[in-house]
Amino acid sequence: MITKTMKILIIEDDVTDCNNFITNAKNRNDVEIVEITDSDIEGLKYAKAKHPDGIILDLELNNSMTGNLDSLNFLSELKKLDLQYKPIIIVTTHIKSKRVYDTLHNDGADMILYKNHPRYSANYVFNKFMDLRDMKPSKTVETLKEEIQNSKERISAYIVKELDLIGIPAKMVGRKYIHDAITYLIENKGDNENVIRYLTKVYKKSGNTITNGIQNAIMHAWNRTAVDDLLEHYKARVNPETGVPTPMEFIYYYVEKIEREI
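As the structure is a computational prediction, the values presented were derived from the model and not from experiment.

A. Focus on the nonpolar core. Grouped together as the largest cluster of nonpolar side chains are 31 residues, with contacts concentrated most on Ile-168, Ile-178, Ile-182, Ile-214, Trp-222, Phe-250 and Tyr-254. Only α6 (141-165), α7 (173-187), α8 (195-203), α9 (207-224) and α11 (247-261) provide two or more residues apiece to this core. For this core, the element with the highest residue contribution is α7, accounting for seven residues. Not counting residues within four places of it along the chain, the set of residues in contact with Tyr-254 comprises Glu-162, Ile-166, Ile-182, His-233 and Tyr-234.

So, in structure tokens, the structure goes:
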């Protein structure tokens, strides 16, 4: 099985160590160095921009020109970025201190390696990344995007199925409005933006045009589809004066129904 290459960000101020990482990475096909910096401050920027799968963090950055002398606060600052995934983080250090080690682990370090250990090397560090990846799968930006896309497709499939069951044709523009309204409300739970206002931004149409389009699609179903089919597939309130659901009643019924199913 072909293993995906891990993208590694290196925050290290020792030139020799950096060169060793570069040389070793060239001889491997499972790691790719996406950036090297001697600054914890720059490291935060690269973590956000480069989306590394793993980060090598030197705890002592004595030669850094643009960062702090130590990177003890890096992990807590990394959390504040609110990344949509967690890179594997290996801290390298000359310090032997249980208190420091406990602090680093509590802040999210996956492993701490002592630089003076006889087995320490660039190859040793990269191998530890492979071990951690196998032990604890890490969600990369790519896998997250794939999950989001799969979720969107699943939601869309449910909506299409439900609208087909009550006989709203795919060619009706109101059906597109309904589809996108349901999708928006499922994906943005708790968002206070009015869904009609959202649709006006997407379609560059007035609120009345959007609402009328939705109502027309609903009316089409209630005028053309067999009553038994409507009663089977739509079990919510119907406006007693018009005999059909209002646009928002209709949309929220399917939001709740599809959320239960997915």
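Moving on from the model shown.
B. Inspection of the packing of α7 against α8 at higher detail. Interaxial distance between α7 and α8 falls to 10 Å at its minimum, and their mutual angle equals 120 degrees. On the basis of their axis angle, the class for α7 and α8 is oblique. Judged by the sense of rotation from one axis to the other, the crossing of α7 with α8 is right-handed. Contacts from Lys-176, Tyr-177, Asp-180, Ala-181, Tyr-184 and Leu-185 in α7 reach Val-195, Tyr-198, Leu-199 and Tyr-203 in α8. Considering only residue class, the contact of α7 with α8 consists of eight nonpolar, no polar and two charged.

C. Layout of the packing of aromatic side chains. Summed over the entire model, instances satisfying the criterion amount to 10 aromatic pairs. Seen from their ring centres, Tyr-234 and Tyr-254 are 6.0 Å apart, and the 50 degrees between their planes marks the pair as tilted. Residue Tyr-234 is found in the loop between α10 (227-233) and α11, and its partner Tyr-254 is found in helix α11; the two are separated by 20 residues along the sequence. A relative accessible area of 4% means that Tyr-234 is categorised as buried. Of the aromatic side chains, those joined through ring pairs into one cluster are Trp-222, Tyr-234, Phe-250, Tyr-253 and Tyr-254.

D. Expanded view of the sheet that holds strand β3 (residues 54-58). In spatial order, the strands read β2-β1-β3-β4-β5; together these five strands make up an open sheet with parallel pairing. The open sheet terminates on both sides in strands that have one partner only, identified here as β2 (31-37) and β5 (111-114). Between one strand and the next, the sheet's axes are offset by a mean angle of 20 degrees, whatever the strand orientation. Taken together, the six bridges between strand β1 (residues 6-11) and β2 define a ladder with parallel strand orientation. Counted as the bridge partner of Met-6 is Val-31 from β2.

E. Geometry of the side chain of Thr-183. By the element assignment, Thr-183 lies in helix α7. Here the side chain of Thr-183 touches His-179 through a polar contact of 2.8 Å, landing on its backbone oxygen. Those residues in contact with Thr-183 that lie beyond four places of it in its chain are Ile-155 and Ile-159.

F. Highlighting the pattern of salt bridges. A full pass over the atoms with the stated rule returns 14 salt bridges. The closest approach of N and O atoms between Lys-152 and Glu-187, which form a salt bridge, is 3.1 Å. Of this pair, Lys-152 sits in helix α6 while Glu-187 is found in helix α7, placing the two residues 35 residues apart along the sequence. By relative accessible area, Lys-152 is classed as partly exposed at 36%. For Lys-161, the salt bridge goes to Glu-162, with nearest N and O atoms at 3.9 Å. Judged by its relative accessible area of 2%, Glu-162 is buried. When salt bridges with common partners are traced through the structure, they connect Glu-12, Asp-17, Asp-58 and Lys-115 into a single cluster.

G. Here's a closer look at the environment of Ser-39. Along the chain, Ser-39 falls in the loop between β2 and α2 (40-50). Residue class for Ser-39 comes out buried when judged on its relative accessible area of 0%. In the structure, Ser-39 is positioned 141 residues away from Asp-180 in sequence and 44 Å away in space, judged by C-alpha atoms.

Cut-offs and rules
- Residues numbered from 1 in each chain as written.
- Predicted model: local features only at pLDDT ≥ 70, side-chain atom pairs only at ≥ 80, totals over all residues.
- Heavy atoms only, no water.
- Core = buried A, V, L, I, M, F, W, Y, C linked by side-chain atoms within 4.5 Å.
- Buried < 20%, exposed > 50% of the residue type's maximum accessible area, 1.4 Å probe, protein only.
- Helix = DSSP H or I, 4+ residues; strand = E, 2+ residues; numbered from the N terminus.
- Contact = heavy atoms within 4.5 Å.
- Axes fitted to C-alpha atoms, helices over the stretch in contact; angles between N-to-C directions.
- Parallel < 35°, antiparallel > 145°, perpendicular 65-115°, else oblique.
- Left-handed = near helix turned anticlockwise from the far one by under 90°.
- Nonpolar A, V, L, I, M, F, W, Y, C, P; charged D, E, K, R; others polar.
- Phe/Tyr/Trp six-rings, centres within 6.5 Å; stacked < 30°, edge-to-face > 60°.
- Pairing = 2+ DSSP bridges.
- Polar contact = N/O pair within 3.5 Å; in protein donor to acceptor, adjacent residues only side chain to side chain.
- Salt bridge = Lys/Arg side-chain N within 4 Å of Asp/Glu carboxyl O.

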